[in-house]
Amino acid sequence: MKGSLIVKVLFLAMFAAVLLAPFTFLKPVTSVPVITEEQIPPEIVVPQVEQARHNVSLPDFAAISDVKEKKRQFFDFLRPAIIKENNRLNDIRNQLLALKVKLAMGAELGAQGSALLADVGEKYRIDRKLSLKAQVDELLLRVDLMPVSLVLVQAANESAWGTSRFARIGLNFFGLWCYRPSCGMVPNGRVSGATHEVAAFTSIDQAVQRYIHNINTNAAYDVFRSIRAQLRLEKQPLRPEILATGLVPYSERGSDYVLELTNMIRHNQSYLEPTEAD
């Protein structure tokens, strides 16, 4: 009796297996997980391309693989603006020299001369309490030219040959700072608490003019202006390698920076202005 019961159980088990076999390939149904809003990953943020602050058609210096061609295009691009600003300064300087002659002769400056002295004196931060002669002499220290080649190599050095972010976006080839909110571009590595920005310009003329005005007015470059005045007094040309020694304060690298500039002038002589304004 017991044996027959076991046979029946085995028979029923085999029968059940035969019935279920066709369905064993089906995957078991599992519960679908519930995802909350907090678990939904944020949308992928595509980095925004920084828009240029100018409408100048700037050469893509980074795309020029030939080093000689890159240098040639870079210097040719900036040179006209430097010459233009030097010519403008030379015109003002000649007017100031005429005022100096008048004062030396004991003549009156006249309305036009007085207006010129007041206008230029304000732009170049001259103390109006000084005598007229002292004001003119101080202006002649400041209203003067920059050697074209010195400006060019400094621009190349500060802007990595026109490839820096500040040159491309803001036409700032000289690393000039500004201090009003939104006056320029915030440096990526600006330390916490600092408020300065790197100035942005709308034209090459504006950038060059601001750079030369900074050299001609900032107290940090008194030595530069003294060297230039001494060269004028001795009727010597404004030699860029000599004047470069007055730019020690321009960079934290100090004398190494000056040495770098003078080396650049020497190595790039064939690309630079063949003659300097004097």
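Computed from a predicted structure; not experimentally measured.

Peer 1: Which residues make up the packing of aromatic side chains, and what values do they have?
Peer 2: Summed over all chains, the structure comprises 11 aromatic pairs. Connected via pairs of aromatic rings, a cluster forms that spans F61, F74, F75, F77, W161 and F173.

Peer 1: Can you lay out the pattern of salt bridges for me, pointing to particular residues and giving the numbers?
Peer 2: In a structure, side chains of opposite charge can pair up when their charged atoms sit close to one another. Within the structure shown, the criterion is met by 14 salt bridges. The partner of R142 in a salt bridge is E138, and the shortest N-O contact between them spans 3.1 Å. Taken as a pair, R142 and E138 lie in helix α4 (residues 132–142) at a separation of four residues, close to a single helical turn. Taking the relative accessible area as the measure of exposure, E138 reaches 26% and is therefore partly exposed. Taking the shortest distance from any N to any O, the salt bridge between E260 and R253 comes out at 3.3 Å. Looking at E260, the relative accessible area reads 33%, which means it is partly exposed.

Peer 1: How would you summarise the side chain of R225 if you had to cite specific residues and measurements?
Peer 2: By secondary structure assignment, the location of R225 is in helix α8 (residues 222–233). Overall, R225 belongs to the buried group, its relative accessible area being 4%. In terms of polar contacts, R225 uses its side chain to reach the side chain of D222, at 2.4 Å. Residue contacts for R225: discarding those within four places in its chain leaves L141, R142, I215, N216, T217, N218 and A219.

Peer 1: Any chance you could break down helix α2 (residues 67–104) for me, citing the residues and the numbers?
Peer 2: Three or four residues apart is the spacing at which side chains of an α-helix point the same way, because the helix has 3.6 residues per turn. With 38 residues, α2 should reach 56 Å at 1.5 Å per residue; the first-to-last C-alpha distance of 53 Å fits that figure. The largest bend in α2 amounts to roughly 30 degrees and is located at R79, with the proline P80 lying one to four residues further along. A distance of 3.2 Å separates the backbone nitrogen of K68 from a side-chain oxygen at the start of α2, and that oxygen is part of D66.

Peer 1: Tell me what's going on with the packing of α2 against α4, and back it up with residues and numbers.
Peer 2: Running from amino to carboxyl end, α2 crosses α4 at an angle of 150 degrees, the nearest separation of the two axes being 10 Å. Taken together, the axes of α2 and α4 lie roughly antiparallel to each other. Between α2 and α4 lies a crossing whose hand is left-handed. Taking contact as the criterion, the partners of R93, L96, L97, L99, K100 and L103 in α2 are, on α4, L132, K133, V136, D137, L139 and L140. The residue inventory of the contact of α2 with α4, partitioned by class, reads eight nonpolar, no polar and four charged.

Definitions and limits used
- Residues numbered from 1 in each chain as written.
- Predicted model: local features only at pLDDT ≥ 70, side-chain atom pairs only at ≥ 80, totals over all residues.
- Heavy atoms only, no water.
- Phe/Tyr/Trp six-rings, centres within 6.5 Å; stacked < 30°, edge-to-face > 60°.
- Salt bridge = Lys/Arg side-chain N within 4 Å of Asp/Glu carboxyl O.
- Helix = DSSP H or I, 4+ residues; strand = E, 2+ residues; numbered from the N terminus.
- Buried < 20%, exposed > 50% of the residue type's maximum accessible area, 1.4 Å probe, protein only.
- Polar contact = N/O pair within 3.5 Å; in protein donor to acceptor, adjacent residues only side chain to side chain.
- Contact = heavy atoms within 4.5 Å.
- Expected span 1.5 Å × (residues − 1).
- Bend = angle between axes of the 7 residues up to and from the residue.
- Axes fitted to C-alpha atoms, helices over the stretch in contact; angles between N-to-C directions.
- Parallel < 35°, antiparallel > 145°, perpendicular 65-115°, else oblique.
- Left-handed = near helix turned anticlockwise from the far one by under 90°.
- Nonpolar A, V, L, I, M, F, W, Y, C, P; charged D, E, K, R; others polar.

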